[in-house]
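What follows is the residue order along each chain.
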Amino acid sequence: MDRPLQIVFRDLGRSVFLTGIIRERVQHLERVYSHIIGCRVVVEPSHRNVMAAVKPLAISVEVEVPGRPKIVAKSTSRGASAQRSRSRTATVHQVFNTVQRRLEEFAAILKSNVKKH
């Protein structure tokens, strides 16, 4: 990456465990697409379920690559019960899987592996 990785924790204490998982996933993204300009990850509590004892995470990832607008992925909540049962690591993996799919699609377009209609 041209710029260093930015990990921002809003309204949360900094988690060494989550930071480690995020760094691993960004390194994996660099293996999928070699020329990433920059990556920014924002981790904050989700405001969907205010009364929960352990608040679920809302994570957004922005990846900059040359020749394309930012690739952005955010964690989605599919209901209160699904959000409650999802662990924090699963939320991180879900968001990064979305970014990885989008990077793979972009790389396939650059290599002309996608048919144009």
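Everything in this summary refers to the structure shown in the same document. Numbers given for residues are sequential positions, taken from 1 along each chain in its written order. Given that this is a predicted model, residues contribute local features only at a pLDDT of at least 70 and side-chain atom pairs are listed and counted only at 80 or more, while totals for whole chains, interfaces and linings are drawn from all residues. Values shown for side chains rest on all heavy atoms present in the structure; no hydrogens or waters enter the calculation.

1. Considering the packing of aromatic side chains
Defined as follows: Ring pairs shown here join Phe, Tyr and Trp side chains whose ring centres sit within 6.5 Å, with only the six-membered ring taken for Trp; geometry is labelled stacked below 30 degrees between planes, edge-to-face above 60, and tilted in between. A run of H or I in DSSP counts as a helix once it spans at least four residues, and a run of E counts as a strand once it spans at least two, with each numbered from the N terminus. Each residue gets one of three labels from its accessible area relative to the maximum for its type: buried under 20%, exposed over 50%, partly exposed in between, using a 1.4 Å probe on protein chains only.
Tallied over the full model, the rule gives 1 aromatic pair. Seen from their ring centres, Tyr33 and Phe106 are 5.7 Å apart, and the 55° between their planes marks the pair as tilted. Of the two residues, Tyr33 is situated in the loop between helix H1 (16–32) and strand S2 (38–45) and Phe106 in helix H3 (residues 88–110); the sequence distance between them amounts to 73 residues. Taking relative accessible area as the criterion, Phe106 reaches 6% and is therefore assigned buried.

2. Digging into the nonpolar core
For the record, the criterion: What we call a nonpolar core is a set of buried Ala, Val, Leu, Ile, Met, Phe, Trp, Tyr and Cys residues that are connected through their side-chain atoms within 4.5 Å. Any pair of residues with heavy atoms lying within 4.5 Å of one another is described as a contacting pair.
Counting 27 residues, the largest nonpolar core has Val41, Val61 and Val63 as the members making the most contacts within it. Excluding anything up to four places from it in sequence, Val41 contacts Leu5, Gln6, Ile7, Val8, Ile22, Ile59, Ser60, Val61 and Phe96.

3. As for H3
To be explicit about the condition: For a helix, the expected span equals 1.5 Å multiplied by the number of residues minus one.
An ideal rise of 1.5 Å per residue puts 33 Å on 23 residues; H3 measures up with 34 Å between its terminal C-alpha atoms. Every buried residue belonging to H3 is among Thr91, Val92, Val95, Phe96, Thr98, Val99, Gln100, Leu103, Phe106, Ala107 and Ala108, and all of these are buried. Against the buried residues of H3 lie H1, S2, strand S3 (57–64) and strand S4 (71–74). Where H3 terminates, the next one or two residues include Ser112, which has phi positive at roughly 60°.

4. Comments concerning the pattern of salt bridges
As a reminder, the rule being used: Only one rule defines a salt bridge in this text: a Lys or Arg side-chain nitrogen within 4 Å of an Asp or Glu carboxyl oxygen.
As enumerated under the stated definition, the model contains 3 salt bridges in all. Here Glu64 and Arg3 are joined by a salt bridge, their closest N and O atoms 2.8 Å apart. Remark: Arg3 occurs in the segment before strand S1 (6–9) and Glu64 occurs in strand S3; sequence separation between them is 61 residues. Here Glu64 falls in the partly exposed class, since its relative accessible area comes to 23%. Take Arg3: its relative accessible area is 43%, and that puts it in the partly exposed class.

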